[in-house]
Amino acid sequence: MSAKNTTDPPGLSAYPASTQDTIRSEAEVWRYGDVASALRSFEQTVEWARGLNQEQRKYHHAGYWYTNDNMSYAAVALVQRERKDDPGCDGHLCPAGADCHPRPTP
């Protein structure tokens, strides 16, 4: 992998500037500056979050905030915006096993 791909990998520019900053920060602190590695992890978390329902995303989003896992927090937040999650979702409790907010069909 070239130095350019390590510091400015393809695909990074597809994300908002604040998300890019979060990915770069993760790379600097935990990955010896390897932005490509941080981007791969971010994208894996995004794919994982897309498989969750709204209540699960909200739960993990809050958990990542409390544990200061900024990159996972940003990944779940990105999916919440993509899926147009209801921010008022915490106004009720879904019955166990129910999906009160099914994913929209494409």
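A brief structural summary.

1. As for the overall build of the protein
So, point 1. Of regular secondary structure, the protein possesses five helices and zero strands.
So, point 2. Along the chain direction, N to C, the helices and strands of the protein fall in the order α-α-α-α-α.
So, point 3. Buried positions account for 34% of the 106 residues belonging to the protein.
So, point 4. Carbon and sulfur atoms make up 54% of the accessible area of the protein, which amounts to about 6900 Å² in all.

2. Things to note about the pattern of salt bridges
Pairs can form between side chains of opposite charge whenever their charged atoms are close.
So, point 1. This model, assessed by the stated rule, comprises five salt bridges.
So, point 2. Here arginine 24 and aspartate 8 are joined by a salt bridge, their closest N and O atoms 3.4 Å apart. Highlighted residues: arginine 24 in helix α2 (residues 17-30) and aspartate 8 in the loop between α1 (3-7) and α2, separated in sequence by 16 residues.
So, point 3. Judged by its relative accessible area of 32%, aspartate 8 is partly exposed.
So, point 4. Measuring nitrogen to oxygen at the nearest pair gives 2.7 Å for the salt bridge that ties arginine 57 to aspartate 85. A residue pair is termed long-range when its members are at least 10 positions apart, and arginine 57 in helix α4 (residues 54-66) and aspartate 85 in the segment after α5 (70-82) qualify at 28 residues. Each member of the pair, arginine 57 as well as aspartate 85, carries the same accessibility label: buried.
So, point 5. When salt bridges with common partners are traced through the structure, they connect Glu47, Arg50 and Glu82 into a single cluster.

Parameters and conventions
- Residues numbered from 1 in each chain as written.
- Predicted model: local features only at pLDDT ≥ 70, side-chain atom pairs only at ≥ 80, totals over all residues.
- Heavy atoms only, no water.
- Helix = DSSP H or I, 4+ residues; strand = E, 2+ residues; numbered from the N terminus.
- Buried < 20%, exposed > 50% of the residue type's maximum accessible area, 1.4 Å probe, protein only.
- Areas by Shrake-Rupley, 256 points an atom, 1.4 Å probe, with all protein chains shown as cover.
- Salt bridge = Lys/Arg side-chain N within 4 Å of Asp/Glu carboxyl O.

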